[in-house]
Amino acid sequence: MNALVMSNAPPRMALVPPARVDDLDQDAALAQAALAGLPGAHRALWERFVPMVRRMIRRQLGPTSNSDVDDVIQDVFALVFRDLRNLREPRALCGFVATLTVHAVRHELRRRKLRRLVSLTSTGHAPDVESADADPVARLALHRLYSALERFKVVDRMIFVLRYVEGHDVLEVAAALDLSPATVKRRAAHVSERLSKVVANDRFLIDYLQQDGGQ
């Protein structure tokens, strides 16, 4: 958790993890099968990528209900199946799905911001639904951190999560959000600086991050 704000360590993972040749070939075959309308192809595509999509959505939205996550997953795959014909390189299927996930999450964050503005709910989303054995202290810290992130513009929040939570490099974040690398660097630094000040004034988060860092 402390790495989200305090660490200057380099990113740990790419937007799309490095793929083996057989993974690329499998993606290509799956994309071609879906484009051809072969029976079971869409289901196979769903099963292959839904874990990645779910992880990306959860990390972008923060604490939220399982039903909300499932709704965005449905939106992502509706986009995937609709726009698959625009995929020029079948072996790039994984990156294609990841990019559409970013677009769907951006839409959801903007929708939530609008809901808050018209006071449909106080936060724009329901409380998180997690297993009973989840660490309540960690859950509270996560809620407080994402509450702080809600003060930022949607694109700034997405830059921060993609860069420091997901661990993407600047070029990947820029490509995913259709921004220049210079803009990503500038806005990521700005959000990180502002968020660090928020954390510095939150005794609970300070104690949690210091404890987490010492483990």
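On a predicted model such as this, the values are computed, not experimentally measured, just so you know.

**Student:** I keep staring at the nonpolar core and nothing clicks. Help me out?
**Tutor:** A general tendency of soluble globular proteins is for nonpolar side chains to be buried together. Residues Leu45, Phe49, Ile57 and Leu93 are the most contacted members of the largest nonpolar core, which totals 43 residues. Broken down by secondary-structure element, the contributors of at least two residues to this core are α1 (21-36), α2 (41-61), α3 (66-83), α4 (93-117), α6 (154-165), α7 (170-177) and α8 (181-200). Top contributing element to this core by residue count: α4, with ten residues. If you look at the next biggest cluster of nonpolar residues, it comprises eleven residues, including Tyr146, Ala148, Val191 and Leu195.

**Student:** Please explain the side chain of Arg157 as it appears in this structure.
**Tutor:** Residue placement: Arg157 occurs in helix α6. Judged by its relative accessible area of 5%, Arg157 falls in the buried class. Those residues in contact with Arg157 that sit more than four places away from it in its chain are Gln60, Leu61, Gly62, Leu109, Tyr146, Leu149, Glu150 and Phe152.

**Student:** I keep staring at the pattern of salt bridges and nothing clicks. Help me out?
**Tutor:** Side chains that differ in sign of charge can pair as their charged atoms come close. Enumeration according to the criterion identifies five salt bridges in this entry. Across the salt bridge formed by Arg82 and Asp83, the nearest N and O atoms sit 2.7 Å from each other. On the accessibility criterion, Arg82 (48% relative accessible area) is partly exposed.

**Student:** Looking at this structure, I do not really get the environment of Lys185. What am I missing?
**Tutor:** Within the secondary structure layout, Lys185 lies in helix α8. For Lys185, a relative accessible area of 54% puts it in the exposed group. Separated by 22 residues in sequence, Lys185 and Arg163 place their C-alpha atoms 9.5 Å apart.

**Student:** Help me understand the packing of α6 against α8 in this model?
**Tutor:** To describe two helices that pack against each other, one gives the angle between their axes and the distance between the axes. Here α6 crosses α8 at 90 degrees, and the two axes come no closer than 9 Å. When the axis of α6 is compared with that of α8, the two are roughly perpendicular. Of the residues in α8, those touching α6 at Val155, Asp156, Ile159, Phe160 and Tyr164 are Val184, Arg187, Ala188, Val191, Ser192 and Leu195. The residue inventory of the contact of α6 with α8, partitioned by class, reads eight nonpolar, one polar and two charged.

**Student:** Where do I start with α7 in this structure?
**Tutor:** The periodicity of an α-helix, 3.6 residues per turn, causes residues three or four places apart in sequence to face the same way. Among all positions of α7, only Val170, Val173, Ala174, Ala176 and Leu177 are buried. Viewed along the axis of α7, the buried residues span an arc of 165 degrees, placing them on a single side of the element. α7 presents Leu171 and Ala175 as exposed residues on the side facing more than 90 degrees away from its buried surface. Between the side-chain oxygen at the start of α7 and the backbone nitrogen of Leu171 there is a gap of 3.2 Å, and the oxygen is on Asp169.

Procedures and definitions
Residues numbered from 1 in each chain as written. Predicted model: local features only at pLDDT ≥ 70, side-chain atom pairs only at ≥ 80, totals over all residues. Heavy atoms only, no water. Core = buried A, V, L, I, M, F, W, Y, C linked by side-chain atoms within 4.5 Å. Buried < 20%, exposed > 50% of the residue type's maximum accessible area, 1.4 Å probe, protein only. Helix = DSSP H or I, 4+ residues; strand = E, 2+ residues; numbered from the N terminus. Contact = heavy atoms within 4.5 Å. Salt bridge = Lys/Arg side-chain N within 4 Å of Asp/Glu carboxyl O. Axes fitted to C-alpha atoms, helices over the stretch in contact; angles between N-to-C directions. Parallel < 35°, antiparallel > 145°, perpendicular 65-115°, else oblique. Nonpolar A, V, L, I, M, F, W, Y, C, P; charged D, E, K, R; others polar. Arc of directions from axis to C-beta. Polar contact = N/O pair within 3.5 Å; in protein donor to acceptor, adjacent residues only side chain to side chain.

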